[in-house]
Amino acid sequence: MSSITPADVEVGAQGDGGAPRQPGRVSLGGISLNLRSSGIYIAFALIVALFSVLTDGAMLQPQNISNIIVQNSYVLILAIGMILIIIAGHIDLSVGSVVAVTGALAAVLMVNMGLPWPLALLITLVAGALIGAWQGYWIAYFGIPAFIVTLAGMLLFRALTLTVLGNQGIGPFPDQVRTLANGFTNGYLGNIGLGPLGGADLFSLLIGIVAIAGMVATSWRTRNARRGYGQSVEPMALFVLKMAAGAALILFLVVQLARFKNLPWVLVLLAVLVLAYSLMANRTVFGRQVYAIGGNLQAAVMSGVKVKSVVFWIFVNMGVLSAVAGIIFAGRLNQAGPTAGNSFELDAIAAAFIGGAAVQGGVGKVVGAITGGLIMAVINNGMSLIGSPSERVMLVKGAVLLAAVAFDVWTKRRAGASR
């Protein structure tokens, strides 16, 4: 995955005779980098490098990389939905409770009632959509602020979870659900030798190569489109270097995972969700409308955007993704518990803001939210590996969140002052 998109890089004169430098940008050798959109990826790389050194390389071991993905998958799924809500200028405090109640519903349907697991999962997803529709109605059509509606939802759905489960968990789940949450792809094509690295699953390696080819093709198409519109693009040498760095990162992750137990199924699910929601946000009318609502509500209304409908559907979407996260979390623990989902809403919101979402809305990327979630995951994992107490972990995570939001506010003030 490329950390810097063509939109983030501008080449040209930046001296006295050139265009004025924009706030939030730094110039290196004639190349202008937008720190607001690219800084998160640089910070992520530095955090990973720091903990790799502090843990003597344990951070990047195959099993640990797999654990980071599997153990934080539900937060990353929630972050995908949360970034859309924050872009539109809203917030959702109920997702943790929705995770709990949908996980409890799935457990009741599969374990207590004995329904086939595909039917039970479908009913659970529909229930998540109905929960999102319930909250979306009060927000979009009745006009109650999202903060109040979802705060009420956090209490209501937690109470419903406790009513259904009491003080005990329900399990175990069917093998198929546990495989989705904790399982790995099979070695369909066998292993291939990698010299001193040992053997790795050939199928997983081929998936990594396909991902690299898709990244290069998409970036090349975007670059040509920008040139077609007369926009500035990076030199070919920089483009090739950027693609090589992204390919090396993908190949490293895939090789490490293939050396352990192959690709986690939940990583496959995440990849599909990230690709689908990135395309939706950037290439569809609905996605553009979400950005328009968060960027300037009055202008969106005057442009004919059906604001109420868009807001309603992003909360329906959040309910569905919360149900997916509830199924994944319950499947990973192999039971639905009354305390499931505690503080998940805070982790998802933090992932979105650390990943570049603006406090006022209108700005953010799905990939950025995933990166923000991974930063939180790496901090949790790295500080656990070095034996840091929980209070120190919370201290560092809070400082990172505050720094990310402070940077967003600072760039906006500089932008306003430069006008």
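The following refers to the structure shown. (Residues numbered from 1 in each chain as written. Predicted model: local features only at pLDDT ≥ 70, side-chain atom pairs only at ≥ 80, totals over all residues. Heavy atoms only, no water.)

Side note on the overall build of the protein
Moving on, step 1. Broken down by element type, the protein carries 16 helices and five strands.
Moving on, step 2. Expressed as a percentage of the 419 residues in the protein, the buried residues total 46%.
Moving on, step 3. The contacts of the protein with a sequence gap of at least 6 include a subset with a gap of at least 24, amounting to 75%.
Moving on, step 4. Of the roughly 19700 Å² of accessible surface on the protein, 67% is carried by carbon and sulfur atoms. (Helix = DSSP H or I, 4+ residues; strand = E, 2+ residues; numbered from the N terminus. Buried < 20%, exposed > 50% of the residue type's maximum accessible area, 1.4 Å probe, protein only. Contact = heavy atoms within 4.5 Å. Areas by Shrake-Rupley, 256 points an atom, 1.4 Å probe, with all protein chains shown as cover.)

Overview of helix α9 (residues 236-260)
Moving on, step 1. Compared with the 36 Å implied by 1.5 Å per residue over 25 residues, the 36 Å span of α9 between its first and last C-alpha is a close match.
Moving on, step 2. Considered for burial, the residues of α9 that qualify are Phe 239, Lys 242, Met 243, Gly 246, Ala 247, Ile 250, Val 254, Val 255, Gln 256, Leu 257 and Ala 258.
Moving on, step 3. Looking one or two places after α9, you find Asn 262, whose phi comes out positive at around 75°. (Expected span 1.5 Å × (residues − 1).)

What to know about the pattern of salt bridges
Moving on, step 1. What the rule picks out here adds up to one salt bridge.
Moving on, step 2. Residues Arg 178 and Asp 175 are paired through a salt bridge, measuring 2.0 Å at the closest nitrogen-oxygen approach. Taken together, the residues Arg 178 and Asp 175, both in helix α7 (residues 175-182) and three residues apart, mark about one turn of the helix. (Salt bridge = Lys/Arg side-chain N within 4 Å of Asp/Glu carboxyl O.)

Brief notes about unusual backbone geometry
Moving on, step 1. Although it is not a glycine, Asn 334 adopts a positive phi angle of roughly 65°.
Moving on, step 2. When its relative accessible area of 22% is taken as the criterion, Asn 334 is described as partly exposed.

Quick word on the packing of helix α8 (residues 202-228) against α9
Moving on, step 1. Contact pair α8 / α9: the axes reach a minimum separation of 9 Å and the direction vectors enclose 160°. In terms of orientation, α8 and α9 fall into the roughly antiparallel class. Handedness of the α8/α9 crossing: right-handed. Residue-level contacts link Ser 204, Leu 205, Gly 208, Ala 211, Ile 212, Met 215, Val 216, Ser 219, Trp 220 and Arg 223 of α8 to Met 236, Phe 239, Met 243, Gly 246, Ala 247, Ile 250, Leu 251, Val 254, Val 255 and Ala 258 of α9.
Moving on, step 2. When the residues that make up the contact of α8 with α9 are grouped by side-chain class, the tally is 15 nonpolar, four polar and one charged. (Axes fitted to C-alpha atoms, helices over the stretch in contact; angles between N-to-C directions. Parallel < 35°, antiparallel > 145°, perpendicular 65-115°, else oblique. Left-handed = near helix turned anticlockwise from the far one by under 90°. Nonpolar A, V, L, I, M, F, W, Y, C, P; charged D, E, K, R; others polar.)

Comments concerning the side chain of Ser 94
Moving on, step 1. Structurally, Ser 94 can be placed in the loop between α3 (73-87) and α4 (95-112).
Moving on, step 2. The contact partners of Ser 94, leaving out residues within four places of it in the chain, are Gln 135, Thr 150, Gly 153 and Met 154.

As for the packing of aromatic side chains
Moving on, step 1. Counting across every chain of the model gives 10 aromatic pairs.
Moving on, step 2. Seen from their ring centres, Trp 134 and Trp 138 are 5.6 Å apart, and the 80° between their planes marks the pair as edge-to-face. Placement of the pair is Trp 134 and Trp 138 together in helix α5 (residues 117-141), with a separation of four residues, close to one helical turn.
Moving on, step 3. Here Trp 134 falls in the partly exposed class, since its relative accessible area comes to 48%.
Moving on, step 4. Both rings, one in Phe 329 and one in Phe 344, keep their centres 5.1 Å apart while their planes meet at 90°; by these two values the pair is edge-to-face. Of this pair, Phe 329 sits in helix α13 (residues 307-333) while Phe 344 sits in helix α14 (residues 344-354), and the two are 15 residues apart along the sequence. In this pair, the class of Phe 329 matches that of Phe 344, namely buried. (Phe/Tyr/Trp six-rings, centres within 6.5 Å; stacked < 30°, edge-to-face > 60°.)

Topic: the side chain of Thr 185
Moving on, step 1. Note that Thr 185 resides in the loop between α7 and β4 (191-193).
Moving on, step 2. Among the residues examined, Thr 185 registers a relative accessible area of 4% and is labelled buried.

Here we look at the packing of α4 against α13
Moving on, step 1. Across the interface, α4 lies against α13 with an axial gap of 7 Å and an inter-helix angle of 60°. Accordingly, the angle class assigned to the pair α4 and α13 is oblique. Seen along the crossing, α4 lies across α13 with a hand that is right-handed. In this structure, α4 contributes Val 95, Val 98, Val 99, Thr 102 and Gly 103 to the contact, and α13 contributes Met 318, Gly 319, Ser 322, Ala 323, Ala 325, Gly 326 and Ala 330.

Focus on a nonpolar patch on the surface
Moving on, step 1. A surface patch of nonpolar side chains, amounting to about 430 Å² of accessible area, comprises Leu 119, Leu 122, Ile 123, Val 126 and Leu 130.
Moving on, step 2. Residue placement: Leu 122 occurs in helix α5. (Patch = residues over 30% accessible without salt bridge, like charges linked within 9 Å, V, L, I, M, F, W, Y side chains within 5 Å.)

Observations regarding the nonpolar core
Moving on, step 1. Of all hydrophobic cores here, the largest spans 67 residues; its most connected members are Ile 77, Leu 78, Ile 80, Ile 83 and Tyr 277.
Moving on, step 2. Here Ile 77 is in contact with Leu 269, Leu 270, Leu 273, Leu 321, Val 324, Ala 325 and Ile 328, once residues within four sequence places are set aside. (Core = buried A, V, L, I, M, F, W, Y, C linked by side-chain atoms within 4.5 Å.)

Considering helix α10 (residues 265-283)
Moving on, step 1. Spanning 19 residues, α10 covers 27 Å between terminal C-alpha atoms, matching the ideal 27 Å at 1.5 Å per step.
Moving on, step 2. By the burial criterion, the buried members of α10 are Val 266, Leu 270, Leu 273, Val 274, Tyr 277, Ser 278, Met 280 and Ala 281. Buried residues in α10, looked at end-on, bunch into an arc of 160°, giving them a common side. When the buried face of α10 is taken as reference, the exposed residues oriented beyond 90 degrees from it are Val 272, Leu 275 and Arg 283.
Moving on, step 3. The elements touched by buried residues of α10 are α2 (62-71), α3, α7, α11 (285-295), α13 and α15 (366-385). (Arc of directions from axis to C-beta.)

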